[in-house]
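Descriptive structure summary
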Amino acid sequence: MTPVSFVNPLEEENSTSKTAAPCLMVIFGATGDLTARKLLPALYNLAREGQLPAHFACVGFARRDKSNEVFRTEMRDAVNKYSRIKPIDNALWNSFSEQLYYHRSEFHEDEGYQRLRTFLNDLDLKYDTKGNRVYYLSTQPSFFPLIIEKLHKNGLIYPTSNPHGPWSRVIIEKPFGNDLGSAIGLQQEITKFLDESQIYRIDHYLGKETVQNLLILRFSNPIFESIWNNHSIDHVQITVSEEIGIGTRGNFWEEAGMLRDIVQNHMMQLLSIIAMEPPTSLTAHSIHDEKVKVLESIRPIPKNNFDKYAIRGQYGPGYINGEPVIGYREENNVNPKSNVETYVALELEIDNWRWSGVPFFLRAGKRLPKRATEVAITFKSAPAGCLFQIAGKKIDQNTLVIRIQPDEGMAVKMNCKVPGINSPIQPVKMDFHYGSYFGLSPPEAYERLLCDCMAGDTTLFARVDEVLASWKLLTPVLEHWHETVPQFPNYASGLWGPQAADVILAKSNRGWRLL
Amino acid sequence: MTTALTSADPTIVSYENVLTKLRESQTPKRASLFNLVIYTKHDFLSDYFQAIVQEITTQFPCRLIYVQHSSDPNHEGVCIRLLTEGSNKVTSEEVHIKSSQSHLNRIPFLIFPLLLRDLPVYLLWEPDPSVEHDVLPLLIPYASRLIYDANATDNLTQFCKRISRLKNSHPKCEFNDINWTLLMGWQHILRQVFDSPTSSEQLRNNNGIEIYFNSCKSDQMHPESQATYLLEWLANSLNWEILPIPKKNDTFQFSCKTDSHSFVAQFTPKNCANLYPGTIVGLNIMTNDSKKEYSIEPIPNQTKVAVHISSQETCELPFSLPLANLKPGFPYVKELFFSPISNQYEEVIKVIGNV
């Protein structure tokens, strides 16, 4: 094991490049959808780009009985189908797949973990992975405490007291808890056996190139940072819009809902990056600190005014892309009288010097007219009585739009004179498209995140206090919704959500952006 | 759409037409990331440079200005040809300029109006830039990066000296040798193989290094430049002193001194027709006590190397490592054009050039 104090003389001075360390990765729930669609394609592409550690192997851990060969064949099919780069490179796959293994066991069987330990020790010798371990829990959240306890009990998780010894890290998928109480409970359970530094809470939005670009945009462009405050900004809209319904995830969605699945994690992460103060450094710790500060500055939604600040909706039958679709209550595995929300709109206020008076409007919904995730910063209007408003027509406010997906890029809307005599003022767009400039498909979020975990960088993972701050803000909303009965469904599929959501902005003379 | 304007002596009207056509191009305005000026002294680019340009123009939208010498002894003057659609869907526009020797001094003046404002200017120079006096001196003050091939020169030591001086005279321009970029894959491998105090010490106090390089026939004068860069890089990082030993046949030898002992480093040629001349194709390192040997060689038909570590008593299981930049591809081109230039490169050329 390379001691922390060793500095490789062949490394460039002040090198900031991260290198994934030698390790074995164990994926719990390896026969599930996430492994096939995201994790194995990510590992394959990391191998393809030379980003996988030199000494590495991956073990799929699941309950079904299968051999290494069958697992490798299944993963090859998955990578062939879901990799961002196709076709698969046969020579590369042949050498990569030799590092894939399968281990059958139930999650609760100590014997299975003991066998795993022996197996991993053998793999350590074969691949010289120095005892380092990454455990990816791609399972139902209810299994997290059990698996972590078993890992600890069977010597598969190491204490962090020896900084020169091998390390062990656990990646946990969202959601982290269902509300504040369960999140605190889960944290207490897992920290019986893990130090916070060993816990990597994945939010795949943070691995997206466009989300990482938000930090670059804000802090490497003084032109924006100088106006990134309540002197210049009127309001911020954050939208996560999906045209698809819940599909085959009826069971999951009935337990989760939009607030838990999207708002509490992805949208609060976007908001914290948009609203945070510049970090003192680019270390994970500094960035997380600033995100937590801004989350803790968000004013709690007034209890007597939930209905004006927190709107929920559920899609009914309608039309998407011209085709008829069923409503949420008609979907498979959904209670025909379900009151689970598929749409959320919130108005939030951040009480700090930078953002006081600037509302943040969040909306997330399924079965909306199109797929789009964006952050829109709308700037204040030109002063009343301004020269170009004398004609009585209000000119458009400038807007900076950051498109997270699809059609990743940014646009600035500004006003321009239409050529001609006595011509009106017309808004125009300065538009940057990632695809036009950097045509090659960027790394998938999971590639970046897996690589960062192996390199020990927690920047793009959610820290526990960020998660708890989000839950603290949103749990009262969940409780209020639980106690009240909504009139569902309240928007047709293919529309932009319930009318009640428009009221949130209308009360301050604003409107939702048309995407 | 191709607009061919051939003229023995371009008039302002003809050239104005090219500029006008660029501005009024009927194709939709496309993105451009940078201006790329490619300069060759021949009618065509070498295969390797062509591969680099191909990779660039199929991945990154750019304005490409391609300058060639005309080999036709009857041709006097400058020809300009504009392809507004580019030779593929990605490149924004391509301008081809062909010039006879006597008209080379006009080239910079033709290039300046063609450059897209606010975008970096990259110069990809096929001949030795350190002795080129017609076109480069006027362009380099505006360039963000100059990319060249040390193999194009006749004396590597003198080249490094001249390039260092040129670099010092133009601090705003980054200098990048494609041989250094080709080497980065091997540097990364060595960092990974010798990544512990024990192995690092074994490397520092080794008993002999043999670097295999591709000596396939080509018009390259210096197929050993990459090997030289690699050895100098190791010497610079590990505090070795290097003295050349007179060349024996095709093998280069160097006497290397550490604090405690000396050893011999050797460059051994190997013929690998499908690789760029000079590409490193293997490494052998013997530890000081001769007890351990590190052998690193590319795996055929894969972009990987196999690392064998053996001693008199044991033979460790070989493992493989990815080898980046073996051939022009997206990562290689990204390193060549976008990645920051290593300080180690500057130090290495200073040492080689005895500056």
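Read on for a plain summary of the structure. In this convention, every chain numbers its residues from 1, walking through the sequence in written order. Key to labels: chains lettered from A, ligands numbered from 1, both in the order written. Predicted model: local features are reported for residues with pLDDT of at least 70 only, side-chain atom pairs are reported and counted for 80 or more only, and whole-chain, interface and lining totals are derived from all residues. In computing side-chain values, all of the structure's heavy atoms are included and hydrogens and water are not.

With that settled, consider the pattern of salt bridges. Any carboxyl oxygen of Asp or Glu that lies within 4 Å of a side-chain nitrogen of Lys or Arg is treated as forming a salt bridge with it. All chains considered together, the criterion is met by 40 salt bridges over all chains. Two residues, B:Asp128 and B:Arg162, come together in a salt bridge whose shortest N-O distance is 3.0 Å. Taken together, the residues B:Asp128 in the loop between strand S6 (121-125) and helix H4 (136-139) and B:Arg162 in helix H5 (residues 156-169) connect sequence positions 34 residues apart. Burial classification: accessible surface area is computed with a 1.4 Å probe over protein chains only, and a residue below 20% of its type maximum counts as buried, one above 50% as exposed, and the rest as partly exposed. The class of B:Asp128 is buried, set by a relative accessible area of 9%. Beyond isolated ion pairs, a larger network of salt bridges with shared partners links A:Arg48, A:Glu49, A:Arg84 and A:Glu447. Each helix corresponds to a stretch of at least 4 residues labelled H or I by DSSP, and each strand to a stretch of at least 2 residues labelled E; elements are numbered beginning at the N terminus.

So, on to the packing of aromatic side chains. Working definition: a ring pair exists when centres of Phe, Tyr or Trp rings (six-membered ring for Trp) sit within 6.5 Å. Plane angles under 30 degrees give stacked, over 60 give edge-to-face, the rest tilted. Scanning all chains against the criterion turns up 36 aromatic pairs over all chains. Ring centres of A:Trp93 and A:Phe96 lie 5.4 Å apart, and the angle between their planes is 55°; this geometry places the pair in the tilted category. Of this pair, A:Trp93 and A:Phe96 both sit in helix H3 (residues 90-97), separated by 3 residues, roughly a single helical turn. We classify A:Trp93 as buried; its relative accessible area is 3%. Ring centres of B:Phe34 and B:Phe337 lie 6.1 Å apart, and the angle between their planes is 20°; on these two criteria the pair is classed as stacked. Of this pair, B:Phe34 sits in strand S2 (residues 34-40) while B:Phe337 sits in helix H9 (residues 330-337), and the two are 303 residues apart along the sequence. Since its relative accessible area comes to 0%, B:Phe34 is described here as buried. The ring centre of A:Phe176 lies 4.7 Å from the NZ or CZ of A:Arg201, which sits over that ring. We call a charge positioned above a ring when the Lys NZ or Arg CZ atom is no farther than 6 Å from the ring centre and deviates by at most 35 degrees from the ring normal.

Residues and elements named next belong to chain A. Tracing the sequence through the fold places Asn213 in helix H7 (residues 209-219). With relative accessibility at 17%, the residue Asn213 sits in the buried group. Whether two residues touch is decided by their heavy atoms; if any such pair falls within 4.5 Å, the residues are in contact. Discounting residues that sit within four places of it in the chain, Asn213 has contacts with Met410 and Tyr434.

Turning our eyes to something else, we now look at the interface of chain B and chain A. As a measure of interface size, the accessible area lost when the parts come together is often cited. Each partner contributes residues to the interface: chain B has 31 residues there, and chain A has 18 residues. Two parts placed together each lose some accessible area; with a 1.4 Å probe, that loss summed over both constitutes the buried area. Of the roughly 2100 Å² buried at the junction of chain B and chain A (both faces included), carbon and sulfur atoms supply 61%. On the surface where chain B and chain A come into contact, there are 1 salt bridge. The salt bridge involving B:Arg191 is made with A:Glu11; its shortest N-O contact spans 3.9 Å. Mapped by element, the contributors of at least two residues to the side of chain B that touches chain A are helix H6 (178-193), helix H7 (197-204), helix H8 (225-238), strand S16 (319-322) and helix H10 (343-352) of chain B.

Further remarks concern empty space enclosed by the protein. Note on definitions: the grid is 1 Å and covers protein atoms alone; a cavity is a set of points where a 1.4 Å probe fits but cannot get out; a pocket is an open set with protein on both sides within 12 Å along at least five of seven lines; lining residues have an atom within 4 Å of a point. Grid points are joined across faces, edges and corners, and a volume is the space filled by probe spheres set on the points. For the structure on display, the rule yields 4 cavities of 30 Å³ or more. Taken as a whole, the largest cavity holds about 140 Å³ of empty space. Residue lining of the largest cavity: 14 residues in total, with A:Lys174, A:Gln264, A:Asn265, A:Ala462 and A:Val467 positioned closest to the centre. Sorting the residues of the lining of the largest cavity by element identifies strand S6 (199-202), helix H10 (258-275) and helix H15 (464-483) of chain A as the ones contributing at least two each. Under this grouping Gly is polar, as are all residues other than the nonpolar Ala, Val, Leu, Ile, Met, Phe, Trp, Tyr, Cys and Pro and the charged Asp, Glu, Lys and Arg. Taken together, the residues that form the lining of the largest cavity break down as 5 nonpolar, 4 polar and 5 charged. Estimated volume of the second largest cavity: approximately 50 Å³. B:Arg145, B:Asn176, B:Trp180, B:Thr181, B:Met184, B:Glu335, B:Ser339, B:Pro340, B:Ile341 and B:Ser342 together form the lining of the second largest cavity. Per element, the largest residue contribution to the lining of the second largest cavity is 3 residues, and it comes from H6(B).

Residue and element names in this part refer to chain B. S6 sits mainly inside the fold: 5 of its 5 residues count as buried. Burial along S6 is two-sided: Val121, Leu123 and Trp125 facing one way and Tyr122 and Leu124 facing the other are all buried. Note on pairing: two strands pair once DSSP finds at least 2 bridges between them. With 5 bridges connecting them, S2 and S6 associate as parallel partners. Residue pairing in the sheet places Asn35 in a bridge with Val121 of S6. The pairing of S6 with strand S7 (residues 145-148) spans 3 bridges and is classified as parallel. In the strand pairing of S7, Leu124 is matched with Ile147.

On to the sheet that holds strand S7 (residues 233-241) of chain A, then. All names here are of chain A. What the 8 strands build is an open sheet, ordered S8-S12-S13-S7-S14-S15-S16-S17; its pairing is mixed. Lying at the two open borders of the sheet, with one neighbouring strand each, are strand S8 (310-313) and strand S17 (425-433). With strand direction ignored, the average angle separating the axes of adjacent strands in the sheet is 15°. Note on geometry: axes are lines fitted to C-alpha atoms, helical ones only across the stretch in contact, with angles between N-to-C directions running from 0 to 180 degrees. Across the sheet, H10 lies against S7, strand S12 (343-349), strand S13 (359-365), strand S14 (372-379) and strand S15 (399-405), angled at about 145° from S13, the strand it touches most. Contacts from helix H16 (residues 499-506) reach S7, S8, S12 and S13, with the element oriented near 15° to S12.

The next subject is unusual backbone geometry. Note: most peptide bonds trans; most residues except glycine with negative phi. Residue and element names in this part refer to chain A. A cis amide bond links Lys86 to the next residue, Pro87, at an omega of 0°. Here Pro87 shows up in the loop between helix H2 (68-82) and H3. For the bond from Gln405 to Pro406, the omega torsion is -15°, close enough to zero to count as cis. In this structure, Asn509 is a non-glycine residue whose phi angle is positive, near 60°. Of note, Asn509 is situated in the segment after H16.

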